[in-house]
Amino acid sequence: MAAGLPGWLLSAAAAASLAGWGYAAYAGWLPERRWHLGSAANLVTAFRWLAVALLAALFPALTPWQTGLWAWGIFLADGLDGWLARRLGQASLAGEYLDKETDALFVLTMGLLLYLSSRAGGWVLIPGALRYLYVLALIRWKPDTRKEPRFRFGRYAAGLLMAALSTVWLLPDAWALPLLAPAVLLTVASFGVSIVSLRRIARL
């Protein structure tokens, strides 16, 4: 693992992730400007973001099994914050965007750790980069709904990718390509569909 490289890249990714959420919440994209960190749902999301950062920081001292179990904990918590938001009436667009940017940071971080540990090639970084390209597409073709369009294909592809990125650490290295490659291809396809649909919506 190149000295100094992971920390610098992950810090840049974290800053970009939070900047993306901040732009969405406070620069006119969202009609609401409120942010309740004290809500249970948002606390879980904040915990997930911190857990991703800690995983990256502690990664050199972790075994592959420890990395995989930690990643699975973050992935499972991804469903908990949404459930709490709906259950407790705490759903907000600002919280939704923070959740998405936390997912993006998780995908980029796990891909980077897999690449730097030589478990996968540079192609594993593509899904993490695509999220930030999609944010640029949102800025370019921002629909009038003031809410990022959601596509079912994209949600399923993202869930499969996050599960694969977490599971690959629990399996022999030989499983990395057959497990990750289909998930990466589906994610790339889902981003393509989303960008085409976004441009079509913007033209309506």
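Above this text is the structure in question.
Asker: How should the pattern of salt bridges be read in this particular structure?
Answerer: Between side chains of opposite charge, pairing is possible as soon as their charged atoms come close. For the coordinates displayed, the defined rule picks out 4 salt bridges. Residue R48 is joined to D103 by a salt bridge in which the shortest nitrogen-to-oxygen separation is 3.0 Å. Separated by 55 residues along the polypeptide, R48 in helix α2 (residues 40-58) and D103 in helix α4 (residues 93-116) bring together distant segments of the chain. By relative accessible area, which is 0% here, R48 ends up buried. Taking the relative accessible area as the measure of exposure, D103 reaches 15% and is therefore buried. Measuring nitrogen to oxygen at the nearest pair gives 3.1 Å for the salt bridge that ties D173 to R119. Note that D173 is positioned in the loop between α6 (152-167) and α7 (176-203) and R119 in the loop between α4 and α5 (126-140), a separation of 54 residues in sequence. By relative accessible area, which is 15% here, R119 ends up buried.

Asker: Explain a nonpolar patch on the surface here, please?
Answerer: On the surface, F153, L160, L186 and V193 cluster together to form a nonpolar patch covering roughly 310 Å² of accessible area. For the nonpolar patch, the secondary-structure elements that each account for two or more residues are α6 and α7. On the basis of relative accessible area, F153 is assigned to the partly exposed category, the value being 34%.

Asker: Which parts of the structure should I look at to understand the side chain of T187?
Answerer: Relative to the helices and strands, T187 is located in helix α7. When near neighbours in sequence (up to four residues on either side) are disregarded, T187 contacts P127, A157 and L161.

Asker: So what exactly am I meant to see when it comes to α2 here?
Answerer: Residues spaced three or four apart along an α-helix point in a common direction, a consequence of the helix completing one turn every 3.6 residues. For α2, with 19 residues, the first-to-last C-alpha span of 26 Å sits near the 27 Å given by 1.5 Å per residue. Of the residues making up α2, those classed as buried are A41, N42, V44, T45, R48, A51, V52, L55 and A56.

Asker: What am I meant to see in the packing of aromatic side chains here?
Answerer: We describe a pair of aromatic rings using the distance from one ring centre to the other and the angle between the two ring planes. Applying the stated criterion to the full structure yields 2 aromatic pairs. On the numbers, 5.4 Å between centres and 70° between planes, the contact of F59 with W169 is edge-to-face. One end of the pair, F59, is in the loop between α2 and α3 (64-87); the other, W169, is in the loop between α6 and α7, with 110 residues separating them in the sequence. Looking at F59, the relative accessible area reads 8%, which means it is buried. Summarising the aromatic geometry, the rings of W72 and F75 are spaced 5.2 Å apart at their centres and angled 65° between planes, so their arrangement reads as edge-to-face. Here W72 and its partner F75 are both found in helix α3, 3 residues apart, which amounts to about one turn of the helix. A relative accessible area of 24% means that W72 is categorised as partly exposed. Residue F75 is classed as buried on the basis of its relative accessible area, which comes to 17%.

Asker: Teacher, can you tell me more about the packing of α2 against α3 here?
Answerer: Two quantities define a packed helix pair, namely the angle between the axes and the distance from one axis to the other. The contact between α2 and α3 brings their axes to 8 Å, and the two run at 165°. Classed by the angle they form, the pair α2 and α3 counts as roughly antiparallel. In the crossing of α2 with α3, the sense of the turn from one axis to the other is left-handed. Contacts between α2 and α3 involve A40, A41, V44, T45, R48, A51, V52, L54, L55 and L58 from the first element and T67, W70, I74, A77, D78, L80, D81, L84 and A85 from the second. Here the contact of α2 with α3 is built from residues that sort into 14 nonpolar, 2 polar and 3 charged.

Rules used in this analysis
Residues numbered from 1 in each chain as written. Predicted model: local features only at pLDDT ≥ 70, side-chain atom pairs only at ≥ 80, totals over all residues. Heavy atoms only, no water. Salt bridge = Lys/Arg side-chain N within 4 Å of Asp/Glu carboxyl O. Helix = DSSP H or I, 4+ residues; strand = E, 2+ residues; numbered from the N terminus. Buried < 20%, exposed > 50% of the residue type's maximum accessible area, 1.4 Å probe, protein only. Patch = residues over 30% accessible without salt bridge, like charges linked within 9 Å, V, L, I, M, F, W, Y side chains within 5 Å. Areas by Shrake-Rupley, 256 points an atom, 1.4 Å probe, with all protein chains shown as cover. Contact = heavy atoms within 4.5 Å. Expected span 1.5 Å × (residues − 1). Phe/Tyr/Trp six-rings, centres within 6.5 Å; stacked < 30°, edge-to-face > 60°. Axes fitted to C-alpha atoms, helices over the stretch in contact; angles between N-to-C directions. Parallel < 35°, antiparallel > 145°, perpendicular 65-115°, else oblique. Left-handed = near helix turned anticlockwise from the far one by under 90°. Nonpolar A, V, L, I, M, F, W, Y, C, P; charged D, E, K, R; others polar.

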